[in-house]
Amino acid sequence: MRERDVYPVFQFDEGKPIKAVQEVLEAFGGRKAPWKLALWFTSNNGWLAGSARPVDLLTSDPRAVIDAARRDAEGDAA
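Procedures and definitions
- Residues numbered from 1 in each chain as written.
- Predicted model: local features only at pLDDT ≥ 70, side-chain atom pairs only at ≥ 80, totals over all residues.
- Heavy atoms only, no water.
- Buried < 20%, exposed > 50% of the residue type's maximum accessible area, 1.4 Å probe, protein only.
- Helix = DSSP H or I, 4+ residues; strand = E, 2+ residues; numbered from the N terminus.
- Arc of directions from axis to C-beta.
- 1 Å grid on protein atoms, 1.4 Å probe; cavity = no way out; pocket = protein on both sides within 12 Å on 5 of 7 lines; lining within 4 Å.
- Points joined across faces, edges and corners; volume = space filled by probe spheres on them.
- Nonpolar A, V, L, I, M, F, W, Y, C, P; charged D, E, K, R; others polar.

## Remarks on helix α1 (residues 19-28)
Thinking step 1. Buried within α1 are the following residues: Ala20, Val21, Val24, Ala27 and Phe28. Relative to the axis of α1, the buried residues are bounded by an arc of 120° and lie together on one face. Facing away from the buried side of α1 by over 90 degrees, the exposed positions are Lys19 and Glu26.
Thinking step 2. Count one or two residues on from α1 and you reach Gly29, which has phi positive near 55°.

As structure tokens, this is what we get:
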């Protein structure tokens, strides 16, 4: 059986990639394993209002998600 790439569906809106996802990935700069990135998107985040999950705000407040990723990435670098 051939290997193939599989992507979490939350990265898409009506079949098109959500632009904020790319900026989140760039913020982490490859410092997180793919499964840890998926967990980051689906876990509550203290940088977001009400400790929301980034996945829940990707389309309604993408800037907040990107900012949270940048802050978390800064913590990873420390």
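Next comes the rest of the write-up.
## Remarks on unusual backbone geometry
Working note: non-glycine residues mostly have negative phi, and peptide bonds are mostly trans.
Thinking step 1. At Glu14, a position not held by glycine, the phi torsion is positive, near 55°.
Thinking step 2. Its location among the elements puts Glu14 in the loop between β1 (12-13) and β2 (16-17).
Thinking step 3. Owing to a relative accessible area of 77%, Glu14 belongs among the exposed residues under this scheme.
Thinking step 4. A positive phi angle, near 55°, is found at Ser51, a position not held by glycine.

## Let's talk about the layout of surface pockets
Thinking step 1. Put simply, the largest pocket is a space of about 330 Å³.
Thinking step 2. Along the wall of the largest pocket there are 15 residues; nearest its centre are Tyr7, Pro8, Gln11, Val21 and Leu25.
Thinking step 3. Top element by residues in the lining of the largest pocket is helix α2 (residues 34-42). It accounts for 4 residues.
Thinking step 4. For the lining of the largest pocket, the class distribution of residues is 13 nonpolar, 2 polar and no charged.

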